[in-house]
Amino acid sequence: MTSIKKLTRRSFVLGSAGAGLSLGLRLPLGISDAQAQTGFTDEINAWVVVRPDEQVIIRIARSEMGQGTLTGLAQLVAEELECDWQHVTTEYPTPGTSLERGRIWQSFATGGSRGIRESHDYVRQGGATAREMLRSAAASAWDVPASECSIARGVITHAASKRSTTYGQVANAAAQLDVPADVPLKDPADWTVAGQPLKRLDTADKVVGKQIYGADVILPGMLNAAIRQCPVFGGTVASIDETPIKSMPGVKKVVTLENKTVAVIADYWWQAKTAVEALNITWDEGEHAGVTSASIAEFVAAGLEADTAFVGNQNGDAPAALDTAARTVEATYSYPYQHHATMEPMNATARWTEDRCEVWCPTQNGESALAAAAKSADLPPQQCEVYKMHLGGGFGRRGTSHDYVHQAVQIARHMPGVPVKLLWTREEDMTHGVYHPVTQCKLSAGFDADGKVTALRARISGQSILAGVMPQRLKGGADMVTFQCFMPGGDHSIAYSFPNLLVEHAMRNPHVPPGFWRGVNANQNVVYMECFIDELAHTAGRDPLEFRLEFMGEHPRNVAVLKAVAERIGWDTPPAPGVFRGLAQCTAFASHIAACAEVSVTDGELKIHRIVAATDCGYAVNPQQIEAQIEGSFVYGLSAMLYGECTVKDGRIEQKNFDTYPVMRMADMPEVESIVMPSGGFWGGVGEPTIAVAAPAVLNALFAATGKRIRELPLRHHNLSAA
Amino acid sequence: MPKLNVNGNAVEVEADSATPLLWVLREQLALTGTKYGCGIAQCGACTVLLNGAAVRSCVLPLAAVSETDEVITIEGLSSDGSHPLQAAWVELDVPQCGYCQTGMIMAAAALLAEKPKPSDEDIDAAMTNICRCGTYRRVRAGIHRAAGTTA
Ligand code: FES
Ligand code: FES
């Protein structure tokens, strides 16, 4: 056994990763030296750096949080660049550099399954223009027309004179050239790198513990902070008694942030956490201290019957048609608050001085994080910088709400020049999230005397995410995002046509802060629509597949995915004895999705045996990563359906950790078969849409198995034993 | 000054005996591959091997670990990422965000040490770690691949 020297906080730097130099991607060192060392030499254009040793560095502005966007975007650039994929690595440009260079990397936003579908054109353009610059550089060195030079895997050849060179050799010359305008992009039919099931670029470090997440940042001389926030949203600090922590080791300071958060700064985080929890804090809980889940449910329910509501989709006159229907069916559904529960709790590391502020953090939007840092630093953004760390999950939590960045910077202002890492406990994380909103939905349908559906009305009532996080995006007070999957067209259009349709939203905003949560409003809206249409099929005594198809004539892509899952599961042949099937389909995040679940219920225990899911995302950039997203979406969606619920008591969230907020684990995981069927001509998202069909496919199968129609989630509150 | 044996190295740390092993590994030994997810033994992100058995280091106080106990973290599982589980993880592209994966691999390593050819039921019972990205299918496949078994 070798003996190693005692390591103290001051005697090591940068985690266990050693001294690497990439621009903040691997190492939290992202300070200006590192930037100077990487520099922008050999930068062909903003997206592509080629090193003399043939290494190709592709710049990625969007954030990698597990969804595979980093690899997918690199594939798109590399496809056009025609470099050797074996030589590709990636790096994140910093938001501060982007600002300085006129937003040359455009948006950093990574949410709404938009990472690829919103940026594919300009990142491919980046690869294509770099390729032409490299070609021109070789051509002019040889004094031949560029059009006579061919390129394959980073090797440029002039066949006539039998000369060839490599990207690495001409990179410096190419970097001096002007970026050409509008180089034509390849037809996706000709792709050889994009469209392939390539391995991710970011796996190796993750299996040896070298991947540095925000929570892992260690900087020289760094201190650590832990916080407590008023348990009731909107409450404030009344008083703090520091006596209990007077003799605690390592404690440096107790600070109050905006009168609502108390932080302890200490040498080590464990000391800070122990101390902050020992403080006697008296809270002024404010006006919401009496709110409960029941009072919220009552408040939301009133919206179902309110006289006025925003209209999201309308054709014909559904209320009149319902009045004259031979038969009506009505049902009310509800969906609870959910927590993102990223495995890595919120954190950020900040260093502040009077003229500069730097932040190292996991974020889904580097530019928003920079804006948050600047605001809290009280400095112009030009004097701030954000180094994006790898995310231990995002799911929407770290996209629009940078509360943890604000706090870290405010804390750092109490320690000028000293980096301070703020890490939330799981308990703080779970009780101070931005929650999947609560809604309820009353659905009504009318049948004529021949059993034909004449009208559908859906009245949604509940919380608006936009009203909470970006009120500037409300339209005349309405939050059009609440109508996801009920819209007349676009990325979230309803895939059914009814003779009369009315979809409305009565906005009811409780005090619990809402946020975008992976899948957003598609999650509950597809439960509402797909379970209700199953109810209608059952009422009409019809096969749920054939019944759906009757209304889907105008949506051939939805028909195609639905038929694909039906065929794969064997819809025309009965399932094994005791096993029952359920279907769901939708259009979400511009992709067309369907699923069929097979379940059984024994002694009140649900078992999900198998799920077949189909996705038409237009173009599939990396099919095996799409499959990973489909599988992950079932885990996220079924966790919500089976267990997910944040309840409110005394104005605060009751669930504090995974013991009271259970999620799916290995033993719950069904077999998932993915059918990736890109039909071309459009770019659909893949990180979120499948979540929407997970719950309704299983709930419909559960109905087939038990005759129980579950309209209130999560499932764990329901007794599934035979009545 | 508590003494530990971590990844074959004798180390001294400065912490009181109630401090969980997790925080000593992360904050004092800079072994940040061992993650914090819950702090209450629920998620498994902090899993390390203690004398070969998988333990959740977030609830293991220093007082319970002596200098003769062998602590192995993800950084010490292999010198070069060549443990069969690590190799299988790379071959199957198991990680998504990756935050839970070091704990998954350590739990799986303990499982394979005890049951070199685990069944699906063995895997369900041993692998209670949480992955919010939803990599369970590939984790299972990775264990089978490393064990040379099929699901
Ligand atoms: S951090 Fe130890 S089990 Fe979750
Ligand atoms: S890979 Fe992200 S939590 Fe498991």
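Given the structure is predicted, the values throughout are model-derived calculations rather than measurements.

> Please explain helix 16 (residues 623-642) of chain A as it appears in this structure.
Residue pairs spaced three or four apart in an α-helix point in one direction, given the helix's 3.6 residues per turn. The first and last C-alpha atoms of helix 16 of chain A sit 28 Å apart over 20 residues, in line with the 28 Å expected at 1.5 Å per residue. Burial of helix 16 of chain A is extensive: 18 of the 20 residues sit out of reach of the surface.

> Looking at this structure, I do not really get the pairing of strand 22 (residues 500-507) of chain A. What am I missing?
Each regular strand displays side chains that alternate between the two surfaces of the sheet. All names here are of chain A. Within strand 22, eight of the eight residues are buried, leaving the element largely enclosed by the surrounding structure. Residues of strand 22 alternate between two faces, with Asn-500, Leu-502, Glu-504 and Ala-506 on one and Leu-501, Val-503, His-505 and Met-507 on the opposite face, all of them buried. Inspection of the sheet shows strand 14 (residues 310-315) paired to strand 22 by five bridges, in the antiparallel sense. Looking at the pairing, Asn-313 lines up with Val-503 of strand 22. Pairing analysis gives eight bridges linking strand 21 (residues 453-462) to strand 22, with the strands arranged parallel. Across the sheet, residue Ile-460 finds its bridge partner in strand 22, namely His-505.

> How do you make sense of the interface of chain B and chain A when you look at a structure like this?
It is common to report an interface's size as the accessible area lost on association of the parts. Contacts between chain B and chain A engage 55 residues on the former and 70 residues on the latter. Viewed at the interface, chain A and chain B are joined by five salt bridges. The partner of B:Arg138 in a salt bridge is A:Glu631, with the nearest N and O atoms 4.0 Å apart. Joining chain B to chain A, the criterion identifies 29 residue pairs in polar contact (both at pLDDT 80 or more). Looking at the side of chain B that touches chain A, the elements with two or more residues in it are strand 2 (9-12), helix 1 (21-28), helix 2 (74-77), helix 3 (84-91), helix 4 (101-114), helix 5 (120-126) and helix 6 (136-147) of chain B. The biggest single contributor to the side of chain B that touches chain A is helix 6 of chain B, with five residues.

> How should the packing of aromatic side chains be read in this particular structure?
Here the distance between the centres and the angle between the planes together describe a pair of aromatic rings. All names here are of chain A. Evaluation of the coordinates by the stated rule reveals 18 aromatic pairs over all chains. Here the aromatic rings of Trp-191 and Trp-683 are separated by 6.0 Å at their centres, their planes lie at 55°, and the arrangement is tilted. Highlighted residues: Trp-191 in the loop between helix 5 (167-175) and strand 9 (223-229) and Trp-683 in the loop between strand 28 (671-676) and helix 17 (689-706), separated in sequence by 492 residues. When sorted by exposure, Trp-191 lands in the same class as Trp-683, which is buried. Seen from their ring centres, Tyr-333 and Tyr-528 are 6.2 Å apart, and the 55° between their planes marks the pair as tilted. Taken together, the residues Tyr-333 in strand 15 (residues 327-335) and Tyr-528 in helix 13 (residues 522-539) connect sequence positions 195 residues apart. Take Tyr-333 and Tyr-528: they sit in the same class, and that class is buried. The ring centre of Tyr-636 lies 5.4 Å from the NZ or CZ of Arg-518, which sits over that ring.

> Looking at this structure, I do not really get the sheet that holds strand 9 of chain A. What am I missing?
Strand-to-strand pairing in sheets goes through backbone hydrogen bonds, with the strands running parallel or antiparallel. All names here are of chain A. Pairing is mixed in the open sheet, where seven strands are placed in the order 11-12-9-19-16-17-18. Looking at the sheet topology across the chains shown, the edges are occupied by strand 11 (251-257) and strand 18 (384-389). Ignoring which end each strand starts from, the neighbouring axes of this sheet average 20° apart. Across six bridges, the pairing between strand 9 and strand 12 (residues 261-266) is antiparallel. In the sheet register, Arg-228 faces strand 12, and the bridge partner there is Val-262. Packing of helix 6 (residues 269-278) onto the sheet brings it into contact with strand 9, strand 11, strand 12 and strand 19 (420-423), and relative to strand 9 it is tilted by some 25°.

> Can you help me understand unusual backbone geometry in this one?
Working note: non-glycine residues mostly have negative phi, and peptide bonds are mostly trans. Residues and elements named next belong to chain A. Cis geometry is adopted by the peptide bond preceding Pro-714, which originates at Leu-713 and carries an omega value of 5°. Assignment of secondary structure puts Pro-714 in the segment after helix 17. With a phi angle near 55°, Arg-103 is a residue other than glycine that sits in the positive phi range. A residue is classified by how much of its surface remains accessible, and Arg-103, at 42% relative accessible area, is partly exposed.

> Explain the pairing of strand 13 (residues 280-284) of chain A here, please?
Residue and element names in this part refer to chain A. Alternating residues of strand 13 divide into Ile-281 and Trp-283, all buried, and Asn-280, Thr-282 and Asp-284, none buried. Bridge analysis of strand 10 (residues 236-241) against strand 13 gives five bridges, and the strand direction is antiparallel. Bridge pairing in strand 13 places Thr-236 opposite Asp-284.

> Even after reading the chapter, I still don't get the confidence of the model for chain A, so can you show me in this structure?
In low-pLDDT segments, the atomic positions of the prediction should not be examined closely. For chain A, the mean per-residue pLDDT works out to 93, and 94% of the residues sit at or above 70. Note on residues 1-40 of chain A: pLDDT is under 50 here. Beyond four places in sequence and across chains, it has 93 contacts.

> Quick question: what am I supposed to make of the packing of helix 3 of chain B against helix 4 of chain B here?
Describing two packed helices takes the angle between their axes plus the distance from one axis to the other. All names here are of chain B. Between helix 3 and helix 4, the shortest axis-to-axis distance is 10 Å and the interhelical angle comes to 130°. Comparing their axes, helix 4 and helix 3 come out oblique. The handedness of the crossing between helix 3 and helix 4 is right-handed. Residues Leu-85, Gln-86 and Trp-89 of helix 3 touch helix 4, and the partners they reach there are Gln-101, Met-104, Ile-105, Ala-108, Ala-109 and Leu-112.

> Would you mind going over the domain arrangement of chain A with me for this structure?
All names here are of chain A. Domain annotation of chain A identifies domain 1 (41-187), domain 2 (218-286 + 341-431) and domain 3 (306-338 + 435-717). Taken residue by residue, the interface counts 15 residues in domain 2 and 19 residues in domain 3. Of the roughly 1,500 Å² buried between domain 2 and domain 3 on both sides combined, carbon and sulfur atoms contribute 65%. The largest per-residue losses of area from domain 2 upon contact with domain 3 belong to Phe-233, Phe-395 and Met-430, which jointly make up 44% of the total buried on that side. Along the contact surface separating domain 2 from domain 3 lie one salt bridge. Along the contact surface separating domain 2 from domain 3 lie five residue pairs in polar contact (both at pLDDT 80 or more). By residue class, the composition of the side of domain 2 that touches domain 3 is seven nonpolar, four polar and four charged.

> It is not clear to me how the sheet that holds strand 2 (residues 43-45) of chain A should be interpreted in this structure. Could you clarify?
All names here are of chain A. Ordered in space as 2-3-4-5, the four strands form an open sheet in which the pairing is mixed. Each edge of the sheet is formed by a strand with only one pairing partner; in this case those strands are strand 2 and strand 5 (88-91). Across this sheet, the average inter-strand angle for adjacent strands is 30°, counted without regard to direction. Alignment of strand 4 (residues 56-59) against strand 5, held across four bridges, turns out to be parallel. What sits directly across from Arg-59, in strand 5, is Glu-91. The strands touched by helix 5 within the sheet are strand 2 and strand 3 (48-50), with strand 2 carrying the most contacts at an inclination of about 65°.

> Looking at this structure, how should I read the domain arrangement of chain B?
Residues and elements named next belong to chain B. In terms of domain boundaries, chain B breaks down into domain 1 (3-77) and domain 2 (84-147). In this structure, domain 1 and domain 2 have C-alpha centres spaced 20 Å apart. Taking both sides of the interface into account, the surface hidden between domain 1 and domain 2 amounts to around 1,200 Å²; carbon and sulfur atoms contribute 64%. At the boundary of domain 1 and domain 2, one finds zero salt bridges. In this structure, the connection of domain 1 to domain 2 is made through six residue pairs in polar contact (both at pLDDT 80 or more). At the level of secondary structure, the elements contributing two or more residues to the side of domain 1 that touches domain 2 comprise strand 3 (47-50), strand 4 (53-56) and helix 2. With three residues, the top contributor of residues to the side of domain 1 that touches domain 2 is strand 4.

> Just checking my understanding: could you explain the nonpolar core for this structure?
Generally speaking, nonpolar side chains in soluble globular proteins are found buried as a group. Formed by 173 residues in total, the largest nonpolar core has its most connected members in A:Phe498, A:Leu606, A:Met641 and B:Ile143. In this structure, A:Val77, A:Phe108, A:Ile116 and A:Val170 belong to the second largest nonpolar core, which totals 45 residues.

> How should I be thinking about the confidence of the model for chain B in this particular structure?
Summing up the model confidence of chain B, the mean pLDDT is 96 and the portion of residues at 70 or higher is 99%. Complex prediction metrics read pTM 0.95 and ipTM 0.98.

> Looking at this structure, I do not really get the pattern of salt bridges. What am I missing?
Pairs may arise between side chains of opposite charge once their charged atoms sit close together. The full count for this structure, using the stated rule, is 51 salt bridges over all chains. Between A:Arg398 and A:Glu344 there is a salt bridge, and its shortest N-O distance comes to 3.4 Å. Remark: A:Glu344 occurs in the loop between strand 15 and strand 16 (347-353) and A:Arg398 occurs in the loop between strand 18 and helix 10 (403-412); sequence separation between them is 54 residues. Neither A:Arg398 nor A:Glu344 differs from the other in exposure class; each is buried. One salt bridge in this structure joins B:Arg140 and B:Asp124, with 2.8 Å as the shortest N-O distance. You can see B:Arg140 sitting in helix 6 and its partner B:Asp124 sitting in helix 5, a full 16 residues away along the chain. Classification of B:Arg140 by relative accessible area gives buried; the value is 14%. Residue B:Asp124 is classed as partly exposed on the basis of its relative accessible area of 23%.

Rules used in this analysis
Every chain is numbered on its own, with residues counted from 1 as its sequence reads. Chains carry letters from A onward and ligands carry numbers from 1 onward, assigned in written order. Thresholds applied to this predicted model are a pLDDT of at least 70 for local features of residues and 80 or more for the giving and counting of side-chain atom pairs; totals over whole chains, interfaces and linings are not thresholded and use all residues. No hydrogens and no water enter the side-chain calculation; it runs on all heavy atoms of the structure. Going along the chain from the N terminus, every DSSP run of H or I of four or more residues is numbered as a helix, and every run of E of two or more is numbered as a strand. Expected span of a helix, by definition, is 1.5 Å for each gap between consecutive residues, and there is one gap fewer than residues. When a residue's accessible area, from a 1.4 Å probe over protein chains only, is under 20% of the maximum for its type it is buried; when over 50% it is exposed; and in between it is partly exposed. Only strands joined by at least two bridges in the DSSP assignment are considered to pair. Contacts are assigned to residue pairs that have any heavy atoms within 4.5 Å of one another. One speaks of a salt bridge when a side-chain nitrogen belonging to Lys or Arg is within 4 Å of a carboxyl oxygen belonging to Asp or Glu. The term polar contact refers here to a pair of N or O atoms within 3.5 Å; inside protein, the definition further demands a hydrogen-donor-capable atom paired with an acceptor-capable atom, and it admits residues adjacent in sequence only when both atoms are side-chain atoms. The rule is short: rings of Phe, Tyr and Trp, with Trp giving its six-membered ring, pair when the centres are within 6.5 Å, and they are stacked under 30 degrees, edge-to-face over 60, tilted in between. Criterion for a charge above a ring: Lys NZ or Arg CZ within 6 Å of the ring centre, and within 35 degrees of the ring normal. Helix axes use the C-alpha atoms of the stretch in contact, all axes being lines fitted to C-alpha atoms, and the angles between their N-to-C directions lie in the range 0 to 180 degrees. What pLDDT expresses is the predictor's confidence in each residue, scored from 0 to 100. Every angle not falling under 35 degrees, over 145, or within 65 to 115 is termed oblique; those three ranges are roughly parallel, roughly antiparallel and roughly perpendicular. In this scheme the crossing of two helices becomes right-handed for a clockwise turn of the near helix relative to the far one and left-handed for an anticlockwise turn of less than a right angle. Residue ranges labeled as domains rest on an automatic or database domain assignment. Note on definitions: buried area is the accessible-area loss of two parts on being combined, 1.4 Å probe, summed for both. Side-chain classes are defined by residue name, with Ala, Val, Leu, Ile, Met, Phe, Trp, Tyr, Cys and Pro counting as nonpolar, Asp, Glu, Lys and Arg as charged, and the others, Gly among them, as polar. To define a nonpolar core, start from buried Ala, Val, Leu, Ile, Met, Phe, Trp, Tyr and Cys residues and group those joined through side-chain atoms within 4.5 Å.

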